[in-house]
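# Structural description and commentary
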Amino acid sequence: MICNLLERFREVYKIRGDDLIIENHLLKKGLYLKILEDGTIQSTIIKKKKKDEEPDNTKEYKWFRKADFYGGYLDSNKAIKNKRVHSAIYPAFFIKIKTIKKLDKNNNVNTRYEDPLKLINEYYEVLEKNYCKATEENLKYDKKKLNWTKTFLIDRWNAIENMIDELLKDNQIDLEDYLKIFFEFYDWGIYKDESSRYLSKKIFLSYNKGNIYYKNKEEHGCSCFNVNLNEDKPYLKHRTRVTQIPYVYDFREAIIIYKYLKWIANQKIGYSIIESNYSYKTPISFSYSANENNDAIIVKSEFNKKGTFILSDFDIIPSFNKNRKIEIVNVLNTKEYNEDTKTCLKVNYDSGTNIYDSLCNIDKYIYNNNLRQSFDKKKEELKTNSKTGMTQNFINLLNQSLDSLLNFAYKGVEDGFENIVYSIFPFLVRERLKVFGRKKAADAFNTYVSCRNYINKGEDKLAGKITKLVNKSMDLFKKENMDFNCIDEYSFIAGQVVYYILSRNKADKKNHDLVEPFLAKHRASDLNKEIKFWFRKYSYDIRMNFENFNKAFSMVLGYDSDEKINEDIFLAGYLTNNLFYMNREEVSDEK
């Protein structure tokens, strides 16, 4: 339950109060008006911030930010009267500009959509009735101030509306923007008290349906956040209890939950890590900052289809060890050509220092940077994109691996990770090969083998086999007669032969999906038939006196067996530096 997440937050909130939430509260785009006690109107236009743009930190912005925090309603179902009015206290009045304005037939913004004076009257009438029934006797209520705010809005509305029309004509605001009006009484206590009065009536679910009861003269109920109790959700109700709500809080605990979720809502939408020693001073992120074996909480925040903020996933991770990491080893002995030195240099991978770095490497080399951004998306939001390698097959593989990789990196659960490495990663390496070519596929393969090595605590058999075969293959042509001792040796050299044959293709655009027919063959005899077919197709560009290739080719075809091929070893032979290109004679698909 959400209350399990509050221990550290409650401690910090006792010290810092609402400022903890307000300092990260962002204002929505629109026209903001401050009404002083002498009737002066001060206006500010809040523009939408760009993704990497810092929020405003001016004195004026901070004032509106604090007033906005206290002035808004919880959601449309908790509106004071009309759902088009988004404020909840008398010193504030919020509406969207499209509520009172709309385009006419000539696209001129001069047609009134809904009577604002009617909205104002309804809004303040309900507030006055609520005050008459108020049970919070300790909260002050100044009837004169309430009447003054209502009268001011009605008397000065034409001037406010003229201001809106001018700004719309100049395109400084648009119909989707907010109009937010605040009254400056030089007393934040009024805003806090009125907000508390509103929350005392709206913080619980279904106030008028028997889901509120009193214990020791205090209200108890089910917090309205992250749960919807209605006839569409009958499984949430406890039919055999006096109160049917699934769980009960007192008012103070419900308020803390509201403040906590309000703080979460001001952070980055998606998954975040909150560690037990977190100060709550800066926005949380998707990376780590704590020491080894520190308790942590992972939360996922999002907005549902109705635009309501929800905490869709959370988990408590005891003794979380962030310092796990996957050492990426270049088992293929992959090299890159250096234009400056005119030599081929071995690729060295940066393994980072923690499990987050390892996840970044898996994302970069295997998922082409599509993994982490997909944690925050729904499956239907993942669309095909040839530039980013998002083929339909890739999307299917991505969806199968998201939960396990998230749990592995952020919750320390490794069981599902092993299954993904062995069952999904080999197909992703092939996908990488088809879309991006041999070099990036080699990076993906090295990462795949390194993940296997991590699972087997540095003693994975595949990594050892490939390293031996890469080293041994260099001596292949030194002996006059040499036969394969096992299927692994055959698979590796067959991969080398297949790559060389396909590289002799003179087509302008070479696609690595040509290797698919070979990968579809699971027996040595079937693979040899496929090799013969493609050799005949491209033999016009293979020299008859190329002794090294002739020797390897005859060895491969001479391995007459129905043994099952080691597909990983075959792919390693295809992806590693080719024995038949001893100098800088490389093919165009490497670029």
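To be clear, the structure that these remarks concern was listed above.
Residues numbered from 1 in each chain as written. Predicted model: local features only at pLDDT ≥ 70, side-chain atom pairs only at ≥ 80, totals over all residues. Heavy atoms only, no water.

Moving on, we get to the sheet that holds strand β1 (residues 30–35). One open sheet accounts for four strands, arranged β2-β1-β6-β3; its pairing is mixed. The open sheet has two free edges, formed respectively by β2 (41–46) and β3 (92–96), since each of these has just one partner strand. Averaged over all neighbouring strand pairs, the angle between strand axes comes to 15°, with direction disregarded. Bridging between β1 and strand β6 (residues 178–183) involves six bridges; their strand directions are parallel. Following the sheet pairing, Tyr-32 is matched in β6 by Lys-180. (Pairing = 2+ DSSP bridges. Helix = DSSP H or I, 4+ residues; strand = E, 2+ residues; numbered from the N terminus. Axes fitted to C-alpha atoms, helices over the stretch in contact; angles between N-to-C directions.)

Our next topic: unusual backbone geometry. Phi at Tyr-186 takes a positive value of approximately 55°, unusual for a residue other than glycine. One can find Tyr-186 in the loop between β6 and α8 (188–202). On the basis of relative accessibility, which here comes to 58%, the residue Tyr-186 falls in the exposed class. Even without a glycine there, the phi angle at Lys-457 is positive, about 55°. With respect to the element layout, Lys-457 can be found in the loop between α14 (438–455) and α15 (461–473). (Buried < 20%, exposed > 50% of the residue type's maximum accessible area, 1.4 Å probe, protein only.)

Moving on, we get to the pattern of salt bridges. The final tally for this structure, using the stated rule, is 26 salt bridges. In this structure, Asp-174 engages Lys-29 in a salt bridge whose closest nitrogen and oxygen atoms are separated by 3.1 Å. Here Asp-174, found in the loop between α7 (157–169) and β6, pairs with Lys-29, found in the loop between α2 (19–22) and β1; they are 145 residues apart in sequence, far enough to count as distant. Given the relative accessible area of 32%, Asp-174 is considered partly exposed. Judged by its relative accessible area of 28%, Lys-29 falls in the partly exposed class. The partner of Lys-96 in a salt bridge is Glu-176, and the shortest N-O contact between them spans 3.8 Å. Of this pair, Lys-96 sits in strand β3 while Glu-176 sits in the loop between α7 and β6, and the two are 80 residues apart along the sequence. (Salt bridge = Lys/Arg side-chain N within 4 Å of Asp/Glu carboxyl O.)

We now examine a negative patch on the surface. A contiguous patch of negative charge, built from Asp-526, Asp-560, Asp-562 and Glu-563, is present on the exposed surface. Within the secondary structure layout, Asp-526 lies in helix α18 (residues 524–538). Judged by relative accessible area, Asp-526 falls into the partly exposed class, the value being 31%. (Patch = residues over 30% accessible without salt bridge, like charges linked within 9 Å, V, L, I, M, F, W, Y side chains within 5 Å. Areas by Shrake-Rupley, 256 points an atom, 1.4 Å probe, with all protein chains shown as cover. Lys, Arg positive; Asp, Glu negative; His and termini not counted. Charge placed at Lys NZ, Arg CZ, Asp CG, Glu CD.)

The subject of this paragraph is the packing of α14 against α15. Between α14 and α15, the least distance of the axes is 8 Å, while the angle of their chain directions is 130°. Taken as axis vectors, α14 and α15 run oblique relative to one another. Each of Phe-445, Tyr-448, Val-449, Arg-452 and Asn-453 in α14 lies in contact with α15, whose residues at this interface are Leu-462, Ala-463 and Ile-466. Its residues placed into classes, the contact of α14 with α15 shows six nonpolar, one polar and one charged. (Parallel < 35°, antiparallel > 145°, perpendicular 65-115°, else oblique. Contact = heavy atoms within 4.5 Å. Nonpolar A, V, L, I, M, F, W, Y, C, P; charged D, E, K, R; others polar.)

Secondary-structure assignment places Val-515 in the loop between α16 (487–503) and α17 (516–519). Dropping the residues within four chain positions of it, Val-515 is found in contact with Leu-433, Val-498, Leu-502, Phe-570 and Tyr-574.

Under the defined criterion, the tally for this structure stands at 46 aromatic pairs. Between Phe-9 and Tyr-13, the aromatic rings sit 5.9 Å apart at their centres with planes inclined by 20°, giving stacked as the arrangement. Of the two residues, Phe-9 and Tyr-13 both sit in helix α1 (residues 7–16), four residues apart, roughly one turn of that helix. Here Phe-9 matches Tyr-13 in class, with each residue buried. Where Phe-408 meets Phe-417, the ring centres are 3.8 Å apart and the plane angle is 5°; that geometry is what we call stacked. In terms of burial, Phe-408 and Phe-417 fall into one category: buried. The structure contains a cluster of three or more aromatic residues connected by ring pairs, namely Tyr-499, Tyr-500, Phe-535, Phe-546, Phe-549, Phe-553, Tyr-574, Phe-580 and Tyr-581. Of note, Lys-34 hangs over the ring of Trp-63, and the distance from its end group to the ring centre comes to 4.3 Å. Lying over the aromatic face of Phe-94, Lys-180 brings its terminal NZ or CZ to 4.6 Å of the ring centre. (Phe/Tyr/Trp six-rings, centres within 6.5 Å; stacked < 30°, edge-to-face > 60°. Lys NZ or Arg CZ within 6 Å of the ring centre and 35° of its normal.)

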